[in-house]
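Each chain is listed here by its residues.
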Amino acid sequence: MTRDIATEEDRIRQTERARLSALVSGDVAAAEAYHAADFQLITPIGAVLSRDQYLGAIASGHLKYLTWEPEEIAVRLYGPAAVIRYRARLAVVFGGHHVPLSGYWHTDSYEYRDDRWVAVWSQATAVSHGSPE
């Protein structure tokens, strides 16, 4: 792993953007490479999904991201682990129900495994309408 912190932070940001692109395009094969086998997602409604459940929902069409627009991605690097946080605007179809473009905070942990960064944990929190920008 390159020890230059700025370079690694940029690599993590690029990995997150590539992961989001794969999820929005529905490219589950590409998305799988960005998620650790033991990945877990905590959704805005508090559901816990494994990597297979999450990517399976995308593959089946039960979950379809229409757009996922991240703002600036903050990175905290801790050797072979990193935590990222950013705000994003998402529109999604979940179980046939259209969720309009809304704001969410995302916090994700990454680990450096097998010469690449992979998402291990992810949590999304809806931004309430009364929250300051």
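Small disclaimer: the values here were computed from a predicted structure and weren't measured.

*Asks:* Looking at this structure, I do not really get the environment of valine 99. What am I missing?
*Replies:* When you line up the elements, valine 99 lands in strand 6 (residues 97-113). Sequence spacing of valine 99 and leucine 66 is 33 residues, and the spatial spacing of their C-alpha atoms is 9.5 Å. Sequence-distant contacts of valine 99, that is, excluding residues within four places in its chain, are made with Ala91, Val92 and Tyr104.

*Asks:* I would appreciate a short explanation of the nonpolar core in the present structure.
*Replies:* Membership of the largest hydrophobic core comes to 28 residues, with the highest contact counts inside it found for Leu23, Tyr54, Ile58, Tyr65 and Trp68. Among the secondary structure elements, those contributing two or more residues to this core are helix 1 (5-25), helix 2 (28-33), strand 1 (35-42), helix 3 (51-60), strand 3 (63-70), strand 5 (81-94), strand 6 and strand 7 (116-126). In terms of residue count, strand 5 provides more of this core than any other element does, six residues in total. Here leucine 23 is in contact with Ala31, His35, Tyr54, Leu55, Ile58, Tyr65 and Trp68, once residues within four sequence places are set aside.

*Asks:* Mind showing me how you'd approach the layout of surface pockets here?
*Replies:* Vacant regions in the atomic arrangement are exposed by a probe of water-molecule size rolled over the atoms. As a volume, the largest pocket reaches approximately 520 Å³. Lining the largest pocket are 25 residues, with Thr43, Pro44, Leu63, Val92 and Phe94 positioned closest to its centre. The set of elements that each furnish at least two residues to the lining of the largest pocket consists of helix 3, strand 3, strand 5, strand 6 and strand 7. With five residues, the single largest contributor to the lining of the largest pocket is strand 6.

Reading the values: the criteria
Residues numbered from 1 in each chain as written. Predicted model: local features only at pLDDT ≥ 70, side-chain atom pairs only at ≥ 80, totals over all residues. Heavy atoms only, no water. Helix = DSSP H or I, 4+ residues; strand = E, 2+ residues; numbered from the N terminus. Contact = heavy atoms within 4.5 Å. Core = buried A, V, L, I, M, F, W, Y, C linked by side-chain atoms within 4.5 Å. Buried < 20%, exposed > 50% of the residue type's maximum accessible area, 1.4 Å probe, protein only. 1 Å grid on protein atoms, 1.4 Å probe; cavity = no way out; pocket = protein on both sides within 12 Å on 5 of 7 lines; lining within 4 Å. Points joined across faces, edges and corners; volume = space filled by probe spheres on them.

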